[in-house]
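Residue-level listing of the chains:
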Amino acid sequence: MTSQPFLRIFVAPGALAALALLAALATVLQYSLRLYVPGSLEAGGFTLANFTALLKPLYARVFLETVWISFLTAALTLLVAYPVAYALVHTQSRLTKAAILITAITPLFLGEVVRTYSWMAVLGNNGFVNSLLLALGLIDRPLQIMFTRAAVVTALVHVTLPVMVIMLAAALSHIDPNYAKAAQSLGAGPIRTFFTVTLPLSMPGVVAGVTTAFAWTFSAFATPQLIGGGRVNMIANLVYQLGLASFNFPFAASLSVAGLALTLATLGLVRLATRPLDKLGPP
Amino acid sequence: MSRSRQRALHVAGTLVVLAILGFVVLPALVVTIAAFNDKAILAFPPQAWSWRWFAKALAYPDFHSGFGNGLIVTGWASSIALLVGGAFAFALDRYAFAYKRTIEAILLSSLIVPHFTIGLGFLILAAQIGLARGFAVVVVCHVVLVLPFVLKSVYVSLRNLDRRLELAAAGLGASPSRVLITVTLPLLLPGLAGGWLLAAILSFNEFTASLFVTAQRTQTLPVAMYNYVREYADPSLAALSVIYIAATATLLIVANAYLGLGKLLNVEPRR
Amino acid sequence: MSSLAAERQPRLASQVAADTTGGDVAVELRDVTKTFGQVHALKEATLCVRRGELMTLLGPSGCGKSTLLNLIAGFLAPDRGELEIDGHRVNDTPPYKREIGMVFQNYALFPHMSAADNVGYGLRMRRLAKQEVGRRVADALALVRLSGIEERRPHQLSGGQQQRVALARALVISPKVLLLDEPLSALDRSLRASMQVEIKEIQRQLGVTTLFVTHDQGEALSLSDRIAVMFDGQIHQIGSPAEIYRRPKDRLVASFVGDVNVLRARLGSIDRTTATISLGGQSIPVASEPLAGCKPGDRADLFVRPEQLHLSETGELVAAQGTVTTHIYQGGHVDLYLLSPVAAGGRLLVRSSEPDAITRWPVGAAVGVTVSGADALAFPPQDDKP
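Source: prediction; values computed, not measured.

### Points about unusual backbone geometry
Here's step 1: In this chain, Phe44 of chain B is followed by Pro45 of chain B through a cis amide linkage whose omega measures -15°.
Here's step 2: Phi angles above zero are rare outside glycine, and Phe147 of chain A is one such case at about 65°.
Here's step 3: Turning to its location among the elements, Phe147 of chain A is positioned in the loop between helix 6 (128–135) and helix 7 (149–173).
Here's step 4: Relative accessible area serves as the criterion here: at 29%, Phe147 of chain A is assigned to the partly exposed category.
Here's step 5: Not every positive phi belongs to a glycine, and Tyr99 of chain B is a case in point at roughly 60°.
Here's step 6: Positionally, Tyr99 of chain B belongs in the loop between helix 3 (61–94) and helix 4 (100–108).

Next up, the structure:
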């Protein structure tokens, strides 16, 4: 049992990949503490100036906006994804199952640009929603939907939906159907069975899904850039602007570090808040 | 009476799910219709119909080079990720070694760490060692980004594999490498194929990090598309999106038929 | 009626009334049929469970016994037929309004609740006051002798304890019927035996009508007031354990319940009540009913329990001849396997309680076999009757 014949050649490449990722993250951390030398890609001496600059209201507002949008997106995605995951797991017909699965996860594989662009066709001034409302006579000139936070969140929910569905469905499919039967035999109707048994038992999936949705939204770039159009700014847009437009790598790096720290802190809070649920024990 | 209440609940649930799935497919439907608009703006519904944006999209040189670059990056990145991730998943499942959990956590962290952070890190790193204009940095960055998906897919297959089959082969006199080649690998094939497919699709579509690590010469298709939207307003991109959506959906339907996506994504009951 | 708690009191009163007026049928199925696609899981099953009795549904896996249980519980709806609990038609009543208690094969204890919360779940669903719930939970846990583990989670309990919690959870709601779906199959052998006794005692004590599903014929024989034996979606026989064991209605029941030897023989004589089977030098009396339509001289299969076979020296008067191939020492008795051309499978099993059977009939010995007792049965050969 203790023989491990391919240990080195199997572990080494993975360890190397991990090192590469660590190196990239360490570089970001290192640059975040360096001085910006305008006009040069090289950075100057060590400083905390980049981080003190982050406290300016302009940047603080972007951070708050990002957290708020990420939170809204994760919560809404959970609400929208749960019924789909439930249907996916509980439908009996194989064909319906495949149809739900493929419909729900295809967007995951389309990439941010295609999806965001498609939403521009839906939400734009000449887009689907405005055309529909005009045709129905509910409005007489196009609504400004693009460049609003609601539009950005709508598109982001669409982006995070597939992964949330997958994670919820994974959790739901591993719940023994006898739990629900037991609850019913004890007098719980479908709704009470759901809230007292199914939902609590699916919490690991809920936590995993919300966490992932939050993290993904947090790093969203194309959606706020194209649908927010500069009026809804998230951290990624700022990092891009500073890093690739102004070549201010140190400040872009400090934004990235702060963003990463914020992600980790938020995820830590989510884990902490849902801690009692980890005591579910083995299934 | 309560049976009818149950039925009402069922119908309501079905309608909710259909509405949500409608929300999911709506953008794809709208962009498909908008792609056939004859006018040079993205608008819905079209007044006059035309194929011309498909022709234009297919002729646009940046899309050509983006597609070619994408294939190069995806081919290398997904294959390397398959080898690295497959081997590491095997080691995770079977072996005890130093820093096992640490390495696993670092490799999986690219699911959580913002892509712009990873992209920026590799960009600065590559600039420092003078590789910023080549494919190497793009490939390495993509390998790191898609590795978690390969790891998970292969790991799940390994978990579902009956270890006794390997013991039986070893008992019949097969050496460890022959067991691996004649028993383990064939049984893992669906998981490996699924992991590779996920990795390839995700790599081909990766955008945020690619925006940082690609140069003009190495830009991938999503980056080329993004740059196009920033410059032009015509529906060429809608046409390209339609091709994209059709290709991806076809690929997934085929993958589902042959590999069983439900099992691959671990969303089917154990039995 | 929206509140189950409100329905509860009148029901208890009506149950008492029903008892005094002698309405003694707790569960009744009439011609209940259930199919899944092409598979007939249950074919026109008719069954009456008397109030307070413990009935076992016995049969091999896939025989439809679990389908029948799920139909009574309401997790499945019958395609055809009538289903009544306490004299009321429940075909269209959802499971949560049927007032049944169910113990699942894997117990299905809610992993996110303590033992006490599991037991109290049904009471909370009936919106009982908190104190009342606490009192009844304590009573129920005392009944299954499990006081002191209230706050533990299911995964912190042993298999036997989980089983008791599951039983308490099903009983605490005073169900009209208690349904047990192979509840002992996950326990090891010694624990299973003691739980059998305990379930039987609790069932007697409470007088709760109980339907017990099992594929273990030993369990069925030792637990039940009555047994319903099922094969292939059909109920073949309903009767007391002794009836099922001694008077099986057909060859399937005879083969499934207890060990049995099948001997190829011929019909000697037959009239309206009795028949005789001639086998070697013996003439063995059997019931004539299963042989209806057969004539003297026809082939017949004789079904004999191993304890009804006796070994002797070979000779003229024995029913069959054989050679001893194996001894299996079982403590209280010895099982001897014989090679015999008369046996349907080529081998005979003889159960001897003589202490010296092993030395007296060594391996390789040629022996004679005689049939004794009045419980022998004969059926027409297999190919005549499915």
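### Looking at the interface of chain B and chain A
Here's step 1: With 88 residues of chain B at the interface, the matching set in chain A holds 87 residues.
Here's step 2: Surface buried jointly by chain B and chain A totals about 7,800 Å² across both partners, of which 81% is contributed by carbon and sulfur atoms.
Here's step 3: At the boundary of chain B with chain A, the tally comes to 0 salt bridges.
Here's step 4: The interface formed by chain B and chain A holds 7 residue pairs in polar contact (both at pLDDT 80 or more) in total.
Here's step 5: Take the side of chain B that touches chain A: its biggest share by element is 13 residues, from helix 1 (residues 2–35) of chain B.
Here's step 6: Among the residues forming the side of chain B that touches chain A, the class breakdown is 66 nonpolar, 15 polar and 7 charged.

### Let's talk about the pattern of salt bridges
Here's step 1: Within this structure, the stated rule accounts for 32 salt bridges over all chains.
Here's step 2: For Glu82 of chain C, the salt bridge goes to Arg89 of chain C, with nearest N and O atoms at 2.6 Å.
Here's step 3: For Glu82 of chain C, a relative accessible area of 27% corresponds to the partly exposed category.
Here's step 4: Judged by relative accessible area, which is 45%, Arg89 of chain C ranks as partly exposed.
Here's step 5: Across the pair Arg204 of chain C and Asp225 of chain C runs a salt bridge whose closest N-O atoms are separated by 2.6 Å. A residue pair is termed long-range when its members are at least 10 positions apart, and Arg204 of chain C in helix 6 (residues 189–206) and Asp225 of chain C in the loop between helix 7 (217–223) and strand 9 (226–231) qualify at 21 residues.
Here's step 6: Residue Arg204 of chain C is classed as partly exposed on the basis of its relative accessible area of 46%.
Here's step 7: Within this structure, Asp93, Arg94, Arg159, Arg163 and Glu166 of chain B form a network of salt bridges that share partners.

### Regarding a nonpolar patch on the surface
Here's step 1: On the surface, Leu16, Leu19 and Leu22 of chain A cluster together to form a nonpolar patch covering roughly 300 Å² of accessible area.
Here's step 2: Residue position: Leu22 of chain A is located in helix 1 (residues 7–32).

### Some points on the domain arrangement of chain C
Note: interface size is frequently given as the accessible area lost on complex formation between the parts.
Residue and element names in this part refer to chain C.
Here's step 1: Its domain assignment divides chain C into domain 1 (3–99 + 175–252) and domain 2 (260–379).
Here's step 2: Just the C-alpha atoms count here: the centres of domain 1 and domain 2 sit 36 Å apart.
Here's step 3: Across the contact, 8 residues belong to domain 1 and 9 residues belong to domain 2.
Here's step 4: A buried area of about 800 Å², summed over both sides, lies between domain 1 and domain 2, and 43% of it is on carbon and sulfur atoms.
Here's step 5: Counting the contacts that link domain 1 with domain 2 gives 1 salt bridge.
Here's step 6: Notably, a salt bridge pairs Arg251 with Asp301, separated by 3.0 Å at the nearest N-O pair.
Here's step 7: One can count 3 residue pairs in polar contact (both at pLDDT 80 or more) joining domain 1 with domain 2.
Here's step 8: Each residue belonging to the side of domain 1 that touches domain 2 can be placed in one class, and the counts come to 3 nonpolar, no polar and 5 charged.

Reading the values: the criteria
- Residues numbered from 1 in each chain as written.
- Chains lettered and ligands numbered in written order.
- Predicted model: local features only at pLDDT ≥ 70, side-chain atom pairs only at ≥ 80, totals over all residues.
- Heavy atoms only, no water.
- Helix = DSSP H or I, 4+ residues; strand = E, 2+ residues; numbered from the N terminus.
- Buried < 20%, exposed > 50% of the residue type's maximum accessible area, 1.4 Å probe, protein only.
- Contact = heavy atoms within 4.5 Å.
- Buried area = accessible area lost by both parts, 1.4 Å probe.
- Salt bridge = Lys/Arg side-chain N within 4 Å of Asp/Glu carboxyl O.
- Polar contact = N/O pair within 3.5 Å; in protein donor to acceptor, adjacent residues only side chain to side chain.
- Nonpolar A, V, L, I, M, F, W, Y, C, P; charged D, E, K, R; others polar.
- Patch = residues over 30% accessible without salt bridge, like charges linked within 9 Å, V, L, I, M, F, W, Y side chains within 5 Å.
- Areas by Shrake-Rupley, 256 points an atom, 1.4 Å probe, with all protein chains shown as cover.
- Domains from an automatic or database assignment.

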